[in-house]
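# Tertiary structure, described
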Amino acid sequence: MTVTYPRKFQDNLGARDILKRVVGDRELHLITLNRYRYNEQRSCKDLTELIEKLNGQPRELIKDLSHHIADEARHAMWLTDLLIDLGADIGTPPGISYIDEFEKLIDQSSYDEAGTLEDGIIAPLAAINVTEKRGCEYFSAHIYALKQAPQTEENIKIRETIEKILPEEAGHVRWGNRWLGKIADKSPEHRQKVEQAKRKYAAIEQAAYESGMDITLGAELRRVTRLVEVANTMPIWERPQYLMERLPQALLAPELQFTRIQAAQKAWQRNPQEFMEKFVPMFINGIKKSEVETEKTKV
């Protein structure tokens, strides 16, 4: 069975590159931790809705999902305690929500399609699996960045919390792989359905991930490109409706405009000179080009 891994941001910046910068900026660091908390908390709700949808069958999966919820709730609790200890905000994180973007990109009619029992669980399992992989990538990169950073009491406390979470998240990935593998082994038809679902939700996850981070000029068109990539994983007859329902939102993206304004205001308030020297060029040129220019100035 094909193994899928999270892709870099715009095929350029990996999780380690991103987390190195996050750890060096306390305000951004605390916002990132709060996003982890929010995602773990939100997953409890989504997993509960899945259990209710499955209505008791298959029993083994219901049992596993209930344990999964307990793990996610414990992670949210650890992160909440950590943030409170650090005097940080525990409200809804600012910016574009990764989970909200993921849910917008899901074709809900296909996701909820009953069919056979296996059909009803392949899509949710593929969706859970791909988001857990992203979580593991980020937690691992975060631990690495914290080990390279000054070993302050705060950084050590943050690292120890994430180190408690990562093994359980890795266990969730292995669990999802086992379930998907077990279904794929039933028949060539099952294997085809599993592989198609994995491709589809990997494309959805990448689109949601990049939409949550990309606020630079031209982000709307890049959203459309990622939307087409998702549509290309679907049967041809499903693509036109999927695209037509989501193209206006991708092109207009009101939450993107709001996030841009918030980011610009915050950057200006923090340091007007840095706003002109770093934020404006990054916004105009895009993250990739700005990274190249920054490296050139260092040489």
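So, how was this worked out
- Residues numbered from 1 in each chain as written.
- Predicted model: local features only at pLDDT ≥ 70, side-chain atom pairs only at ≥ 80, totals over all residues.
- Heavy atoms only, no water.
- Helix = DSSP H or I, 4+ residues; strand = E, 2+ residues; numbered from the N terminus.
- Buried < 20%, exposed > 50% of the residue type's maximum accessible area, 1.4 Å probe, protein only.
- Areas by Shrake-Rupley, 256 points an atom, 1.4 Å probe, with all protein chains shown as cover.
- Expected span 1.5 Å × (residues − 1).
- Phe/Tyr/Trp six-rings, centres within 6.5 Å; stacked < 30°, edge-to-face > 60°.
- Lys NZ or Arg CZ within 6 Å of the ring centre and 35° of its normal.
- Axes fitted to C-alpha atoms, helices over the stretch in contact; angles between N-to-C directions.
- Parallel < 35°, antiparallel > 145°, perpendicular 65-115°, else oblique.
- Left-handed = near helix turned anticlockwise from the far one by under 90°.
- Contact = heavy atoms within 4.5 Å.
- Nonpolar A, V, L, I, M, F, W, Y, C, P; charged D, E, K, R; others polar.
- Salt bridge = Lys/Arg side-chain N within 4 Å of Asp/Glu carboxyl O.
- Patch = residues over 30% accessible without salt bridge, like charges linked within 9 Å, V, L, I, M, F, W, Y side chains within 5 Å.

The name an unreviewed UniProt entry gives the protein chain is Ferritin-like domain-containing protein, with Nostoc spongiaeforme FACHB-130 as the organism.

Okay, the overall build of the protein chain next. Summing up its helical and strand segments, the protein chain has 13 helices and zero strands in all. For the protein chain, the succession of helices and strands along the chain, N to C, is α-α-α-α-α-α-α-α-α-α-α-α-α. Per-residue burial over the protein chain gives 47% buried out of 299 residues. Of the roughly 15,700 Å² of accessible surface on the protein chain, a fraction of 57% belongs to carbon and sulfur atoms.

A separate point is helix 3 (residues 59–85). Here helix 3 spans 39 Å end to end across 27 residues, near enough to the 39 Å set by a 1.5 Å rise per residue. Residue Gly-87 follows helix 3 closely and has a positive phi angle near 75°.

What characterises a pair of aromatic rings is the spacing of the ring centres plus the angle enclosed by the ring planes. Scanning the entire structure with this criterion turns up two aromatic pairs. An angle of 75° between the planes, with centres 4.8 Å apart, marks the rings of Tyr-36 and Phe-139 as edge-to-face. Of this pair, Tyr-36 sits in helix 2 (residues 26–54) while Phe-139 sits in helix 6 (residues 117–148), placing them 103 residues apart in sequence. For the pair Tyr-36 and Phe-139, a shared accessibility class is recorded, and that class is buried. Consider the rings of Tyr-138 and Tyr-209, whose centres lie 6.0 Å apart with planes at 80°: the pair is edge-to-face. Of this pair, Tyr-138 sits in helix 6 while Tyr-209 sits in helix 8 (residues 188–211), placing them 71 residues apart in sequence. Across the pair, exposure class does not vary: Tyr-138 and Tyr-209 are buried alike. Lying across the ring of Tyr-209, Arg-134 places its NZ or CZ 3.7 Å from the centre.

This part covers the packing of helix 2 against helix 7 (residues 153–184). Direction vectors running N to C along helix 2 and helix 7 enclose 30°, while the axes themselves pass 13 Å from each other. Considering the angle they form, helix 2 stands roughly parallel to helix 7. Once helix 2 is placed against helix 7, the crossing between them reads as left-handed. From helix 2, Arg-26, His-29, Leu-33, Tyr-36 and Glu-40 reach across to helix 7, where they touch Glu-154, Asn-155, Ile-158, Ile-162, Ile-165 and Glu-169.

What follows covers the packing of helix 4 (residues 98–105) against helix 8. Here helix 4 crosses helix 8 at 135°, and the two axes come no closer than 8 Å. One finds that helix 4 runs oblique with respect to helix 8. The two elements helix 4 and helix 8 meet at a crossing, and its hand is right-handed. Each of Tyr-98, Glu-101, Phe-102 and Leu-105 in helix 4 lies in contact with helix 8, whose residues at this interface are Tyr-201, Ile-204, Glu-205, Ala-207, Ala-208, Tyr-209 and Ser-211. Of the residues in the contact of helix 4 with helix 8, the class split is eight nonpolar, one polar and two charged.

Quick look at the pattern of salt bridges now. According to the stated counting rule, one finds 16 salt bridges in the structure shown. Note that Arg-42 and Asp-100 form a salt bridge whose closest N and O atoms lie 3.0 Å from each other. Of the two residues, Arg-42 sits in helix 2 while Asp-100 sits in helix 4, which places them 58 residues apart along the sequence. Classification of Asp-100 as partly exposed rests on a relative accessible area of 31%. Put simply, Arg-134 and Glu-137 hold a salt bridge, and the shortest N to O gap is 3.0 Å. Separated by three residues within a single helix, Arg-134 and Glu-137 lie in helix 6, roughly one turn from each other. The class of Arg-134 is buried, set by a relative accessible area of 4%.

Our next topic: the environment of Lys-20. Note that Lys-20 resides in helix 1 (residues 15–23). For the pair formed by Lys-20 and Ala-141, sequence separation is 121 residues and the distance between their alpha carbons is 8.3 Å.

This part is about the environment of Ile-99. Tracing the sequence through the fold places Ile-99 in helix 4. With sequence-adjacent residues up to four places away left out, Ile-99 is seen in contact with Asn-39, Arg-42 and Asp-46.

Taken together, Leu-221, Leu-251 and Leu-252 make up a surface patch of nonpolar side chains, about 330 Å² in accessible area. Take Leu-251: it is sitting in helix 10 (residues 239–252).

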